[in-house]
Each structure stands twice: as structure tokens, then as C-alpha cells.
Amino acid sequence: MTEKDTELRVSKIRDGTVIDHVPAGEALHVLAILGIDGSGGESVSLGMNVPSGRMGQKDIVKVEGREMSQAELDVLSLIAPDATVNIVREYEVAEKTEIEPPAEVVGLLHCPNRHCITNAGEPVETRFDVISEGVRCAYCETIVREDITDHLAV
Amino acid sequence: MRHDHLLTAKQLSRADIEEVLSRAREFADDPAAHADRHPGALLALCFFEPSTRTKMSFETAAKRLGGDVIDMGSVESSSVKKGESLADTVRVIEGYADGIVLRHPSQGAAQMASEFVDVPLVNAGDGAGHHPSQTLLDLYTIDEHAGLDDLTIGIMGDLKYGRTVHSLAHALTNFDARQHFISPESLRLPRSVRYDLHESGANVREHEDLEAVLSELDVLYVTRIQRERFPDEEEYETVAGQYRIDAETLDAARDDLAVMHPLPRVDEIDPGVDDLPNATYFDQAHNGVPVRMALLDLLLE
């Protein structure tokens, strides 16, 4: 089975976003980043653990009527650094984006350190620097390596 | 030194440190002779946690420079008790004072507060985070006793939550220092500090037993193992006793080993050590005044 075949398993969309080459098992986290839990009525198609020549197995996420913001791409890059993001308009790929890790992620993650000033009810947005080992709180310096999506503020 | 604030020791270059220490030496010679440096300057002391040495030495330093302090008092008697945010507190106080010294129980508090004020802000301890002015007086003391290059230092005790340790470890990466960290496994340096030390290429080793390195050390920096961090009293007693220094312990050390401690101590250094030439911790505390005079002098310039 080719990658083309597997992409056909999930329906084509008219307008929206196709996120391909997501690490297998991370598709639901991608939806969490997008803030999609089904309550908003979006039409979503998922391919999970589908064969991939490049990755062995991968996930694919297709969201109708929704384009990703740069902030969302920033967080996506942390869990799916090799993902490709295709913006689809009128059934055609209008833009194809190779995502890159940002230098920092602002306002999108909670700091897991309960003694961090960002958890003390102060008027400040969280800010995490992206480092080789994961992300690091710019205030208390706590490093988060695994399960970054557990700390999503979205 | 060209910084608006002093938030962590990581922002200090070797040149910054040498400038502070050099100026501190001038002030140490005759601390009372510099009242013309900053007459009328007002320093706000905002201590959200108890403090004796840090607070009083900043107060002394400000007054020795010809300035004065305003003190927000205890948290119980301040607007904080009414629920005022730290951001609002420092924004109000910057209108009263020429500089702010902040101690706060939350990590990153000084970083955040500095983003709301234009007057110089000094981090005087942010939870288990950093304590850079303590580090400057530690470096001053180390320099007096052993020099800062070709230094072998053991740093022992609660390395996980010890903010003085974190700041000192960062600052020592500016010098040719071999750093030996001695602690129970459960109180090792936090991941963030180990990451920074690795990135800076620091010469670092970690141990559980002091005996492994004691004879090599120029300086032994002892910190309190904080009883309140342990869920189990018995576990605390086991490790606390293991990290206690007495005169007998020092038999295996070099004669000129300098024993330091940021104080307060509880029982990690036996009072029998106080009269030995190795005991440096009271000199260390006294050095807080000239070093903080130098720091304030540079920040208020």
C-alpha cells in the first residue's frame, strides 16, 4: 500500500487544513492543540497508525473549514517536528508548509511547576524557550521534555 | 556592569563579577567613608519571605552609601494580604524608590516583576530559583581565601532546592573551577541547572559521599538540608546526619580548606568547627555589606 493509498482512506476536504506526517499516536494531541473536541461542529478526519514509507507509521489529521495559526503551528512543531501542513482551498493544496520549531512559545503551555510565578495568579503570559531537550519556562526555568501536550493551555 | 536588573547569576559575565568584587574591596576597606556616593537614594525592600542577613545587609549597604530604605514590612501587614498582585505591588513601589530588592517564594518572581518596572530590581531570592547577590558575596569570600581560578570546590547539601547553590554554580562557570556536587540522590541539582552547566562546558562531578573528594577541595560550601522537603522524618534523619561537618570530618581535609555556608545553619556544621581556621561562614556573612554596596553603587549609577 502506498502513502497515496493511505491518504485516500480519509476523505478529501474542500477548505481547511491537512496535517500529514504526524508521529503515530499523536493525532489526538494535534486536535487538542487546535482546541477541537467535537463541540465546535468542525468536520474532522483522522488517519491513525497508517503505513508511511518515511516514518513506518504515521497519523494524518484533516480539518474542514479551519486554517492553523502561527501560534498553533509553533506548538505543533514541538510534538510533530516533521509534520507537513497543507492548507486546502477548493479541494486544492493552496499552501504547503514545512513547520519549524520557534525560538519560544508564548501563552500556549502551562508551567508544570506549581511554585512558578506564572501559576500564582499574576497578570503574565507563560513563555517557554524551545531548547534541544524540549521547552523551558522563561520564568522558573523548569524543563519539560516529555508529554508537552499535557501542559497545553489551549 | 551594564544591566538594568540583577535577576540571576547567569547574566553575570566574568567582567561583571570582577567589577563588583573590585569595587567591593574599596568599600570593605572603610565602609563608613562612602556616604557621599548616593545621598538621598531610596531603596525599597520587598520581602515576601522572612530574611535576616540579606535584608539587613541591603539596608546597611544602602545607608553606608548615603541612601535610605523603605520597607513594605511583613506580608501580613501589607496589601498583599488583601490579594494585591506582585505586578501591582512593584508598579506602585517603583514610584516611591530608586531601586527594589525583592524576595518572593515563587520561582521566576523577580523575572516577572522586572518586566513591570523601570527602576533597578535585585532578586534577593525567588523560591528555589536564584539568589545572585548572595553569589557575589560568596565569590568575594572564595576569592579572598582560595582565588577564583584553578579552584576545586565541593558544594554539599540540598542542591535541588538550594537557590544559593544554583546561582553559585552558574557564576563559577566563568572561572577555571572544578565543581563537585555532593548530595543524596533525592536532592541532586535540578535538571535545569545541570542543563546549563552542561551547555557551558563546566567541569562538574556529582557524588553522594563527601569522603570521595574532601581531600582535593579548596572550598567546601555547605547548605542546609531542608527538613520540610522530606515526606518522611526517618529519611531526613538518615541523610541529614550523613552530611554533618565536625572537626573530625575535617581531619581528612587540607589544612587551608575554607568551609562556607550561606547561613542560617541548623546542625550541618558542628559549632566545634567555628573556632577552626577553616571556618569562613561568618566572614562570608560580613562580606554581604561591601559586596551589596558595590552592587547597589553600580546599579544606581
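Residues numbered from 1 in each chain as written. Chains lettered and ligands numbered in written order. Predicted model: local features only at pLDDT ≥ 70, side-chain atom pairs only at ≥ 80, totals over all residues. Heavy atoms only, no water.

### Some thoughts on the overall build of chain B
Helix and strand counts for chain B stand at ten helices and nine strands. A compact globule built from 301 residues would reach a C-alpha radius of gyration of about 19 Å, and chain B, at 19 Å, matches this within 12%. Summarising its shape, the C-alpha atoms of chain B cover approximately 55 × 45 × 40 Å along the three principal directions. When burial is assessed residue by residue, chain B has 56% of its 301 residues classed as buried. Carbon and sulfur atoms make up 44% of the accessible area of chain B, which totals about 12,400 Å². In chain B, the 28 positive side-chain charges and the 55 negative ones have mean positions that sit 4 Å from each other. (Helix = DSSP H or I, 4+ residues; strand = E, 2+ residues; numbered from the N terminus. Rg over C-alpha atoms; globule rule 2.2 N^0.38 Å. Buried < 20%, exposed > 50% of the residue type's maximum accessible area, 1.4 Å probe, protein only. Areas by Shrake-Rupley, 256 points an atom, 1.4 Å probe, with all protein chains shown as cover. Lys, Arg positive; Asp, Glu negative; His and termini not counted. Charge placed at Lys NZ, Arg CZ, Asp CG, Glu CD.)

### Digging into the overall build of chain A
Looking only at helices and strands, chain A has three helices and nine strands in total. In sequence order, the secondary structure elements of chain A are arranged as α-β-α-β-β-α-β-β-β-β-β-β. Its C-alpha atoms give chain A a radius of gyration of 16 Å, within 12% of the compact-globule value 15 Å for 154 residues. Taking the principal axes of its C-alpha atoms as reference, chain A extends roughly 50 × 30 × 25 Å. Burial statistics for chain A: of 154 residues in total, 47% are counted as buried. The long-range share in chain A, meaning contacts at least 24 apart out of those at least 6 apart in sequence, stands at 58%. As displayed, chain A offers around 7,600 Å² of accessible surface, 46% of which is attributable to carbon and sulfur atoms. (Contact = heavy atoms within 4.5 Å.)

### A few points about the UniProt feature "domain: Aspartate/ornithine carbamoyltransferase Asp/Orn-binding" (unreviewed entry) in chain B
Taken from the UniProt record, the annotation "domain: Aspartate/ornithine carbamoyltransferase Asp/Orn-binding" (unreviewed entry) applies to residues 150-298 of chain B. Counting secondary structure, residues 150-298 of chain B comes out at 31% helix and 16% strand; the distance between its end C-alpha atoms is 28 Å. (UniProt positions renumbered as here; feature names shortened; annotations may be inferred.)

### Quick look at the sheet that holds strand β3 (residues 56-64) of chain A
Residues and elements named next belong to chain A. Strand order in the open sheet formed by five strands is β2-β3-β1-β4-β5, and the pairing between neighbours is antiparallel. Strands with a single pairing partner mark the edges of an open sheet, and in this sheet they are β2 (44-52) and β5 (92-98). Sheet twist, expressed as the mean angle between neighbouring strand axes with direction ignored, is 20°. By the bridge criterion, five bridges tie strand β1 (residues 16-23) to strand β4 (residues 84-89) in an arrangement that is antiparallel. Following the sheet pairing, D20 is matched in β4 by T84. (Pairing = 2+ DSSP bridges. Axes fitted to C-alpha atoms, helices over the stretch in contact; angles between N-to-C directions.)

### Quick look at helix α10 (residues 288-300) of chain B
Residues and elements named next belong to chain B. Its 13 residues give α10 an end-to-end C-alpha distance of 18 Å, which sits within 8% of 18 Å, the value for a rise of 1.5 Å per residue. The element α10 is extensively covered by neighbouring structure, given that twelve of its 13 residues are classed as buried. Its buried side turned inward, α10 meets α1 (14-29), β1 (42-47), α2 (53-64), β4 (121-126), α5 (132-145) and α9 (281-286). (Expected span 1.5 Å × (residues − 1).)

### Some details on the UniProt feature "domain: Aspartate carbamoyltransferase regulatory subunit C-terminal" (unreviewed entry) in chain A
Sites flagged by UniProt as "domain: Aspartate carbamoyltransferase regulatory subunit C-terminal" (unreviewed entry) map to residues 104-147 of chain A. Secondary structure across residues 104-147 of chain A comprises 0% helix and 32% strand; the distance between its end C-alpha atoms is 17 Å.

### A short note on the domain arrangement of chain A
All names here are of chain A. We note that the domain assignment places domain 1 (3-98) and domain 2 (104-151) within chain A. Its C-alpha centre places domain 1 at a distance of 25 Å from the equivalent point of domain 2. Contacts between the two partners involve seven residues from domain 1, matched on the other side by eight residues from domain 2. Carbon and sulfur atoms make up 84% of the area that domain 1 and domain 2 hide from each other, which totals about 590 Å². Interface area lost by domain 1 to domain 2 is led by H29, V75 and L78, which between them contribute 67%. At the junction of domain 1 and domain 2, the tally comes to zero salt bridges. Residue assignment for the side of domain 1 that touches domain 2 shows that the elements contributing at least two residues are α2 (27-34) and α3 (70-79). (Domains from an automatic or database assignment. Buried area = accessible area lost by both parts, 1.4 Å probe. Salt bridge = Lys/Arg side-chain N within 4 Å of Asp/Glu carboxyl O.)

### Topic: the interface of chain B and chain A
On the side of chain A, 19 residues touch chain B, which itself brings 20 residues to the contact. Both faces considered, chain B and chain A share a buried interface measuring about 1,600 Å² in area, 48% of it formed by carbon and sulfur atoms. When residues of chain B are sorted by the area they lose upon contact with chain A, Q107, R191 and Y195 of chain B head the list and together hold 40% of the total. The interface formed by chain B and chain A contains three salt bridges. Salt-bridge contacts for E141 of chain A lead to K10 of chain B; the nearest nitrogen and oxygen are separated by 2.7 Å. Between the two partners, chain B and chain A, sit eleven residue pairs in polar contact (both at pLDDT 80 or more). Sorting the residues of the side of chain B that touches chain A by element identifies α3 (86-93), α4 (109-114) and α7 (191-199) of chain B as the ones contributing at least two each. A total of four residues in the side of chain B that touches chain A trace back to one element, the largest contributor, which is α7 of chain B. (Polar contact = N/O pair within 3.5 Å; in protein donor to acceptor, adjacent residues only side chain to side chain.)

### Here we look at the sheet that holds strand β9 (residues 143-144) of chain A
Residues and elements named next belong to chain A. Strand order in the open sheet made by the four strands is β6-β7-β8-β9, with antiparallel pairing throughout. Of all the strands in the sheet, the pair left with one neighbour each is β6 (104-106) and β9. With two bridges connecting them, strand β8 (residues 134-137) and β9 associate as antiparallel partners. Each bridged residue has a counterpart across the sheet, and for V135 the counterpart in β9 is V144.

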